[in-house]
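# Structure at a glance
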Amino acid sequence: MTNSAQPPQAGRPTANAMRRALRRARDGVALDVSEAAVLLRARGGDLDDLTASAARVRDAGLEAAGRPGVITYSKSVFIPLTRLCRDKCHYCTFATVPGRLRRDGHGMFMSPDEVLDVARRGAAMGCKEALITLGDKPEDRWPEAREWLEAEGYDDTIAYVRAISIRILEETGLLPHLNPGVMTWTDFQRLKPVAPSMGMMLETTSERLWSEPGQPHYGSPDKEPAVRLRVLEDAGRSSVPFTSGLLIGIGETYEERADSLFALRRVARSYHGVQELIIQNFRAKPDTAMRGMPDAEIDDLVATIAVARHIMGPSGNIQAPPNLIAGEYERLIGAGIDDWGGVSPVTIDHVNPEKPWPQVEELAERSAAAGFRLAERLCVYPEFVRRGEPWLDPRLLPHLRALADPETGLARPDAVVEGHPWQEPDEGYVASSGRTDLHATIDTTGRTSDRRDDFDEVYGDWEALREQAAPGMVPSRIDGDVRAALKQAADDPTKLTDDEALALLHADGPALDALCAVADDIRKTVNGDDVTYIVTRNINFTNVCYTGCRFCAFAQRRTDADAYTLSLDQVADRAAQAWDVGAVEVCMQGGIHPDLPGSAYFDIARAVKERVPGMHVHAFSPMEVVNGATRTGLSIREWLTAAKEAGLGSIPGTAAEILDDEVRWILTKGKLPTATWIEVIKTAHELGIRSSSTMMYGHVDQPRHWLGHFRTLAAIQRETGGFTEFVTLPFIHTNAPVYLAGIARPGPTTRDNRAVTAMARVLLHPHIPNIQTSWVKLGQEGAAEMLRSGANDLGGTLMEETISRMAGSSYGSYRSVKDLVAIADAAGRPAKPRTTLYGEVPEERQRAAAASDGHLPELLPLAD
């Protein structure tokens, strides 16, 4: 942007438009973007009217939060970990270049000693927050940054941020608040255990300011609005208390500013994770491309704060930096702020070094003059301190408890700021607890209730989710020629176009019958007539989980009546029982238990292999792999290598659901994104760890999503050859939260099941030769029908099954060998046992299975 350029603005709103918008604000009616843009222009008496109503909204929120008349701040130190950045924002003096750092006697990053010196000085003066700010991915632009990280033993900047955060926690007691710029979902998993809160300013949603030459964000890849909004959503999905906000006066229009506020509200509503919005006014700085731009006016700041308050509502927390407001404290309080942000008695504001922080005493006096009492908070807001899990990692709780008032969630005035150990639980794997007989009693007494009592909070905002889901659930119009598609599928299914495949996925009636016949012919050519099955035992070692999957009825909080965790001995005992009745495999998956260290998965695999050396360990979904890797600080490759050494034989390709993030982020709040699932699977295959592949369908998806999923799996298999089979997983709706909330369909229809099974055979041919159907979800007759529609495998005896049964499946938790043979017989085909990797089962194992019929002698809770 040139020095004299001004943002394109429409004329002032009409008096009628202003009166109408002000009246709606006074009456508490929800504003739309156009009304918000009108109110952003309020000045004089109109601005007084707007701020008065905004202040009332703020006051109602403080009353509801239990802190009426309180305005907060955080006593902090500012740690500029590195001033190198790959972006080139035209207003920024924080970012610099390696040469200047060297001339000034600085390294490419602050050293640990430099960081800890600042943090210790802050702790000595009663600070409780270490605000760690740095440029975006400097190693991507500057070789000097890469060289520094490599020399110090860090794979990337995020690894150094994690390591220094742990040292700050352990050696000073300050709580890290991390601002490392744009982060991936995986970055959040790496950093959440070491910091109770994080942040990144949205700044603006204006594409124009990023994409057009001369504009302030041009040439800055991390300032693309869609990228920054994705970061905010990933923070919400990861249950990270997150700070964001706007930078006003950089050339955006009022309409663009209003749109930015509504984008922030949408994220806040969807995930309940935006802990505060900062409304920051642009201040021109020398030696920048925007040095000639006028500063944002105070009236502009006041109006934006008031509009933000109306849009975010009483529960939102809104902050304005007190060192950038030219002493206008009372006006900003009157506009609706309830927080002054971080104030440091030790360090300068390295982003605005020319503007010193006010003294805390002055803040208190100026706040009191406006009728407010100043109170210190922590870097994480009191609402999240009181919420606890899943927002706060258990490893941070000792650090937070040392500083937080348990009643209010604010900072304790008498807190001693000192380091505390940051580590995994001393005892390693957690002890047995809870309803450990659920694997048996789920078929008798059932679950305690159909939903958790935090149903309305834990999954995000159901109404916002309903709005998000609606477009994706609209059926596509299909104009393809089904007859031509059927002919192509029969002649050469590898040449089916997407249009032809979609036509077949929508097939019904005689066309569906013909499709199933084509699929069955392919099956016969590839697999012959044998229906394979495996004698296996499911062991779900815990159902304690805080991920927030909206389709899952299995997950429980540790305090819920149906929650349980098995001990290592119990896991090994169940594996030994299964071996005694002929099993060749245990399939082990569990919830993402916050108390389980990342090494617990190794302990589980090792416990089974030590007790039953011949048992194949098929375990740990990609979500569990990522959880284990982030908790141990290992890469995915390193973690999988260690798991293989501990006895892991293969992994289930679950946690896939639908490999389309449009659907995925409706189904699940916090599970890994598609790209990360693919990364885990490919890495496992490269290491010689094979996997199954799956698709859960019949919820908020459509056939076009199924097609994309099949294409993705086929592409992976062409590259790695590591999939053993594809497993169809019809959605069980009965107790699924997303169904109980009125969003998802009640599972797939029989037509859907036949079409998905048949098209799995057609579209995955010849890459994935085995197609498995699920008797747990479809029952005996349904499974037999799928065997006539292209499937060749029935899965396993299971011996116990909790996940589908908790969701409401009515087909029981286990099947004997004779039961599975009977299903094959109903389809007119012989049955044959197999191993996990579809090999021949040793005679000794077949005899043991025949002697017991694959049944456990009894299903016991195996109490210690």
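Before reading further, recall that the structure is shown in the block above.
Report follows, based on the coordinates. Note that this is a predicted model, so its numbers are computed, not measured.

Below, the discussion takes up the nonpolar core. One finds Met 588, Trp 677, Phe 710 and Met 759 to be the most contacted residues of the largest nonpolar core, which totals 129 residues. In this structure Phe 710 touches Leu 505, Met 695, Phe 726, Val 756, Met 759, Ala 760, Leu 763 and Leu 764, once residues within four positions along its chain are discounted. In terms of nonpolar packing, the next biggest core, distinct from the first, is built from 117 residues, Leu 81, Leu 261, Ile 311 and Val 380 among them.

Okay, the packing of helix H10 (residues 225-237) against helix H11 (residues 254-271) next. Put simply, H10 and H11 touch, their axes get as near as 9 Å, and they point 15 degrees apart. The angle between the axes of H10 and H11 places the two elements in the roughly parallel class. Our pair here, H10 against H11, has a crossing hand that is right-handed. From H10, Leu 229, Leu 232, Glu 233, Gly 236 and Arg 237 reach across to H11, where they touch Ala 263, Leu 264, Arg 266, Val 267 and Tyr 271. Here the residues of the contact of H10 with H11 sort into 6 nonpolar, 1 polar and 3 charged.

It is worth spelling out the side chain of His 593 at this point. Looking at where His 593 falls in the secondary structure, it is placed in the loop between strand S14 (585-589) and helix H24 (600-611). Beyond its immediate stretch of four places on either side in the chain, His 593 contacts Thr 542, Val 544, Arg 558, Thr 565 and Arg 631.

All right, on to empty space enclosed by the protein then. In total, this model carries 4 cavities of 30 Å³ or more according to the counting rule given. Considering only enclosed or pocket space, the second largest cavity measures out at about 370 Å³ in volume. Along the walls of the second largest cavity sit 23 residues, with Gln 189, Lys 192, Ile 592, Asn 627 and Arg 631 positioned nearest its centre. If you list the elements that add at least two residues to the lining of the second largest cavity, you get helix H8 (185-191) and helix H25 (622-632). Top contributing element to the lining of the second largest cavity by residue count: H25, with 5 residues.

On the secondary structure map, Ala 375 appears in strand S9 (residues 373-377). Owing to a relative accessible area of 7%, Ala 375 belongs among the buried residues under this scheme. Apart from the residues lying within four places of it in its own chain, the contact partners of Ala 375 are Val 70, Ile 71, Thr 72, Tyr 73 and Leu 410.

On to the packing of aromatic side chains, then. Applying the stated criterion across every chain yields a total of 15 aromatic pairs. Between the aromatic rings of Phe 384 and Trp 391, the centroid separation amounts to 5.1 Å while the plane-to-plane angle is 70 degrees, which identifies the pairing as edge-to-face. Each member of the pair, Phe 384 together with Trp 391, is buried. Here the aromatic residues Phe 541, Tyr 601, Phe 602, Phe 620 and Trp 639 are joined through ring pairs into a cluster of three or more. Taking the ring centre of Trp 665 as reference, the NZ or CZ of Arg 237 above it sits at 3.7 Å. Positioned over the ring face of Phe 384 is Arg 387, at 4.3 Å from the centre of the ring.

Rules of the game
- Residues numbered from 1 in each chain as written.
- Predicted model: local features only at pLDDT ≥ 70, side-chain atom pairs only at ≥ 80, totals over all residues.
- Heavy atoms only, no water.
- Core = buried A, V, L, I, M, F, W, Y, C linked by side-chain atoms within 4.5 Å.
- Buried < 20%, exposed > 50% of the residue type's maximum accessible area, 1.4 Å probe, protein only.
- Contact = heavy atoms within 4.5 Å.
- Axes fitted to C-alpha atoms, helices over the stretch in contact; angles between N-to-C directions.
- Helix = DSSP H or I, 4+ residues; strand = E, 2+ residues; numbered from the N terminus.
- Parallel < 35°, antiparallel > 145°, perpendicular 65-115°, else oblique.
- Left-handed = near helix turned anticlockwise from the far one by under 90°.
- Nonpolar A, V, L, I, M, F, W, Y, C, P; charged D, E, K, R; others polar.
- 1 Å grid on protein atoms, 1.4 Å probe; cavity = no way out; pocket = protein on both sides within 12 Å on 5 of 7 lines; lining within 4 Å.
- Points joined across faces, edges and corners; volume = space filled by probe spheres on them.
- Phe/Tyr/Trp six-rings, centres within 6.5 Å; stacked < 30°, edge-to-face > 60°.
- Lys NZ or Arg CZ within 6 Å of the ring centre and 35° of its normal.

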